[in-house]
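The chain contents come next:
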Amino acid sequence: MVARAIDTLPHHWRYVSEGGATIVFSYIGPPDAQFNGTVLRLRKAVLPTTDSHTPSNSLGTQDEPDDPMIEFQQKCVERLIPIEHLPRLESVYVSCEWLESLISLHDAKRPKDRRVKDQIDVTRRKGVLATDLVGGDWVSVEIKPKWGFLPSPIHLSDATRDVKSRTCRFCMHSAMRSKIGEAASLRYCPLDLFSEDKSRIKKAICDLWDTWTESNGTVNNLKIFVHGEKIVPSVASLMLSSGRDPKISDRDLREIFVEALMPILLQTPVLRILSTLQRSLDPLDIEGLSRLWHLTQQELNGIDTAYFPSLPIGSSSTHLMSTEPDMTDWTHFLDTYLSSYADFNHANPAPAHLRFYLLAYLLSATFKDCSIIVRFDRLRPTVPAEQVKPEQIMVIDLDPKDMVRLQKWEKLDQEITEAYGSGGDRKVCVDARWPYQRTKSKDEAD
């Protein structure tokens, strides 16, 4: 039986946080077996213009399909990530009137830059009810790790090979963002967090903390919640079991925080699983994938793409009649990935495998963009860490990506690499699992 959020009142829900596609509320209403310990995840939509009207949903409540993230997790993600590290997801009924009341009550609590761009999609009749990972008398830390590997140099062009083999995608993108005045993390490198090396993981946590404090929590790679409320650096001592303590120094609090996170991140298999999935699902890089796309188009259509313009990557064509994958496509893809994928020759990818490589890249993007939630008791400086339990670390935000994004990602990759390659000093990011020998650049040799 599907739960009905419309049987609750909007003030029974508290705004928690949001990403680019969804917004999250936690249940704080009277005891209710259906909603205790849950959060409501709702899809967002671009704000309508002043002369437009909100479209009505022609589907009835019973006819609207469940949010795709539910089926995607059950049929795909659970085959790749142990279920003990995934939140429970189920459908819940909502209505236009109920959602509009929710907006009216909570919209002011949202970040200003989000409010001017989008809002809850009031045309939806179903949302997602999920395990509440941030409520309760504990500390919840949300980390968005991002890309945890350097690409294979095999499919990189002469113009990009040196840059991409030295500096990871996240660090290059952060540098570009900083140059144009956006808040960015210039210290944190995902390769440190994914390194499985104690000193490097500690450095990654320290860098995340420092960026969090310096940006006043606006850089989204680290979020901290206490009692279900997202906190800002000025009240970080709320993480302490004794409550807010103005006497504790920022340095001491940072050290206590790091010591609480370290044993969990060192003992959990989650980081290694994510790193392996990201890397194995993206053996070609977007450059190699684009090259395979154009080669396949040339072979099937008998045209020379040097003289005739080819279709953009991921668009509908004679060799990709149905662009967006459905659940059948995903399950068939995973059957191959978990069986014969090891026999593929990634150094010379076959045009016959184009569809597979496209889906692999989309799934890799899901794991590059997901977050992990780490939960632990309120901080007590003198108490040693206890044995880590699997449910202390969960993976969230595992939505499937759309094929149409490939064109945007290809363009963004070019912009990031060109901007970083034309700059001054280049950061060296060390991938502990990179199987290739990197040659030193002229600057490093000197």
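Relevant structure appears above.
Basis of the calculations
Residues numbered from 1 in each chain as written. Predicted model: local features only at pLDDT ≥ 70, side-chain atom pairs only at ≥ 80, totals over all residues. Heavy atoms only, no water. Helix = DSSP H or I, 4+ residues; strand = E, 2+ residues; numbered from the N terminus. Buried < 20%, exposed > 50% of the residue type's maximum accessible area, 1.4 Å probe, protein only. Contact = heavy atoms within 4.5 Å. Areas by Shrake-Rupley, 256 points an atom, 1.4 Å probe, with all protein chains shown as cover. Pairing = 2+ DSSP bridges. Axes fitted to C-alpha atoms, helices over the stretch in contact; angles between N-to-C directions. Salt bridge = Lys/Arg side-chain N within 4 Å of Asp/Glu carboxyl O. Lys, Arg positive; Asp, Glu negative; His and termini not counted. Polar contact = N/O pair within 3.5 Å; in protein donor to acceptor, adjacent residues only side chain to side chain. Core = buried A, V, L, I, M, F, W, Y, C linked by side-chain atoms within 4.5 Å. 1 Å grid on protein atoms, 1.4 Å probe; cavity = no way out; pocket = protein on both sides within 12 Å on 5 of 7 lines; lining within 4 Å. Points joined across faces, edges and corners; volume = space filled by probe spheres on them.

A. Seen up close, the overall build of the protein chain. Scanning the protein chain for helices and strands turns up 14 helices and 12 strands. Residues classed as buried in the protein chain amount to 52% of the 446 residues present. Nonlocal contacts in the protein chain, meaning residues at least 24 apart in sequence, comprise 74% of its contacts between residues at least 6 apart. A total accessible area of about 21,400 Å² is found for the protein chain, and carbon and sulfur atoms account for 51% of it.

B. A look at the pairing of strand β12 (residues 393-396). Neither face of β12 is left uncovered, since the one carrying Ile393 and Val395 and the one carrying Met394 and Ile396 both have all their residues buried. Pairing of strand β11 (residues 371-376) with β12, which is carried by 4 bridges, proceeds in the antiparallel orientation. Within β12, the position partnered with valine 374 by the bridge is isoleucine 393.

C. View of the sheet that holds strand β8 (residues 139-143). A sheet is described by the order of its strands in space; here 5 strands give the open sequence β10-β9-β8-β11-β12, paired in antiparallel fashion. Where the open sheet ends on each side, the last strands, each with one partner, are β10 (229-230) and β12. Taken strand by strand, helix α7 (residues 198-214) contacts β8 and β9 (222-226), and its axis lies near 80° from that of β9.

D. Summary view of the pattern of salt bridges. All chains considered together, the criterion is met by 37 salt bridges. Here aspartate 67 and arginine 43 are joined by a salt bridge, their closest N and O atoms 2.8 Å apart. Placement of aspartate 67 in the loop between β4 (38-46) and α1 (68-75) and of arginine 43 in strand β4 is noted, with a sequence separation of 24 residues between them. Just as aspartate 67 is buried, arginine 43 falls in that class too. One salt bridge connects arginine 110 with aspartate 107, and the closest N-O pair in it is separated by 3.0 Å. Residue class for arginine 110 comes out buried when judged on its relative accessible area of 4%. Given the relative accessible area of 23%, aspartate 107 is considered partly exposed. Within this structure, Glu18, Lys44, Asp107, Arg110 and Asp118 form a network of salt bridges that share partners.

E. Here's a closer look at the side chain of glutamate 410. Summarising the element assignment, glutamate 410 is placed in helix α13 (residues 405-421). The side chain of glutamate 410 sits in the buried core without any salt bridge; arginine 291 is the nearest counter-charge, 8.8 Å away.

F. Fine view of the environment of threonine 218. By the element assignment, threonine 218 lies in the loop between α7 and β9. Within the local environment of threonine 218, its side chain forms a polar contact with the backbone oxygen of serine 215, the two atoms lying 2.8 Å apart.

G. Spatial organisation of helix α5 (residues 169-179). Among the 11 residues of α5, 8 are classified as buried, and the element is accordingly described as predominantly covered. Here the buried face of α5 lies against α4 (161-164), α6 (190-193) and α13. Taken from the residues just after α5, glycine 181 is the one with a positive phi, measuring 90°.

H. The nonpolar core, seen in detail. Among the nonpolar cores identified, the biggest contains 87 residues, and Ile81, Met239, Phe257, Phe333, Ile372, Phe376 and Leu406 are the most heavily contacted of them. Take this core: its biggest share by element is 11 residues, from helix α12 (residues 354-368). For methionine 239, the contacting residues outside a window of four places in its chain are Val139, Trp209, Ile224, Val226, Ile231, Phe257, Arg378 and Leu379. Cys96, Leu99, Ile103 and Val122 belong to the second largest nonpolar core, which has 20 residues in total.

I. Spatial organisation of empty space enclosed by the protein. For the structure shown, the criterion picks out 3 cavities of 30 Å³ or more. By volume, the largest cavity amounts to about 90 Å³. Contributing to the lining of the largest cavity are Trp147, Phe149, Leu150, Pro151, Lys164, Thr167, Cys168, Arg169, Met172, Asp285 and Asp413. Empty space within the second largest cavity amounts to approximately 40 Å³. Forming the boundary of the second largest cavity are Gly148, Leu191, Phe194, Ser195, Ser275, Arg279, Val430, Asp431, Ala432 and Arg433.

J. Representation of α1 within the structure. Buried within α1 are the following residues: Met69, Ile70, Phe72 and Gln73. Buried residues in α1 make contact with β3 (22-27), β4, β5 (89-93), β7 (126-131), α11 (327-337) and α12.

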